[in-house]
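Overview (structure and organization)
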Amino acid sequence: MNKLYIRNRSEGKSATQYIPQQTLPEQCRCKSKILISVIITIFAVIPFSMGKYFEFNSPDPYDSGAYVYSAKHIIDGARIGVDEIPSAQPGTLLVNIAGVCLFGFNEIGSKLIQMIFQTAALLMMFVAMKKIFGTLPAGVGLIIASIYLSSPLIAKFGNVKEQYMIAFMMLGISCFVLRQSNGKWWWTILSGAFLAWSP
């Protein structure tokens, strides 16, 4: 650390104040960290955004429509197991119910909630990997995961249970890794909660 000397003559007294300053190498390291973070973010956001763009503008395959219909039917008063027998798992069904309540009778709401879960999973994975391997390996893993998680040509995209399952598994495993890396005890509880919800 360099020291900046300032002469203070307030109240008729003369005193020297020492203010620590960052050295040039430290400033360079700080700027390089910011630059690396920006590059990683850009390369992760681009494929994730493109995948979500195609997903939001494509009709959902598989069971998506049935999930949304079951959610709407239950909101309208249908009894589960009597009037409506949903094919969705409890977690997927709750997400669809929340999506229909917030955004109406469509698939957009469940996709938005799914995107929030996936973003949280990617960020948590990056934090866990950075703690063990460092910034660069964590950044490479984040970019690859963002491609595989959102690419319609690779992933089973849309309002399907697999997408929720993958996101919650990533959250649970990342929490467990953070706990094993001398983390707080409540990481274990979060890990168990996310993994129990993932099916």
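For the structure itself, look to the data block above.
Residues numbered from 1 in each chain as written. Predicted model: local features only at pLDDT ≥ 70, side-chain atom pairs only at ≥ 80, totals over all residues. Heavy atoms only, no water.

Each helix and strand counted, the chain has 7 helices and 2 strands in total. When the helices and strands of the chain are listed from N to C terminus, the series reads β-β-α-α-α-α-α-α-α. Out of the 199 residues in the chain, the part that is buried amounts to 34%. Pairs at least 24 apart in sequence give 56% of the contacts found in the chain among residues at least 6 apart. (Helix = DSSP H or I, 4+ residues; strand = E, 2+ residues; numbered from the N terminus. Buried < 20%, exposed > 50% of the residue type's maximum accessible area, 1.4 Å probe, protein only. Contact = heavy atoms within 4.5 Å.)

Take the packing of aromatic side chains next. Summed over the entire model, instances satisfying the criterion amount to 4 aromatic pairs. Pairing Y53 with F54 gives two aromatic rings, centres 5.6 Å apart and planes at 70°, and the pair type is edge-to-face. Summarising the aromatic geometry, the rings of W186 and W187 are spaced 4.6 Å apart at their centres and angled 35° between planes, so their arrangement reads as tilted. Given the relative accessible area of 17%, W187 is considered buried. Here the aromatic cluster, defined as three or more aromatic residues joined through ring pairs, consists of F117, F168 and F194. (Phe/Tyr/Trp six-rings, centres within 6.5 Å; stacked < 30°, edge-to-face > 60°.)

What follows deals with the environment of I42. Tracing the backbone shows I42 in helix α1 (residues 24–56). With relative accessibility at 44%, the residue I42 sits in the partly exposed group. In sequence terms I42 and I143 are 101 residues apart; their C-alpha atoms lie 9.1 Å from each other.

Another point: the nonpolar core. Counting 15 residues, the largest nonpolar core has A121, L122, M125, F126, L142 and M170 as its most contacted members. Secondary structure elements with two or more residues in this core: α1, α4 (108–133), α5 (135–150) and α6 (161–180). The residues touching F126, leaving out its near neighbours within four places in the chain, are I40, T135, A138, G139 and L142. In this structure, Y67, V68, L93 and I97 belong to the second largest nonpolar core, which totals 8 residues. (Core = buried A, V, L, I, M, F, W, Y, C linked by side-chain atoms within 4.5 Å.)

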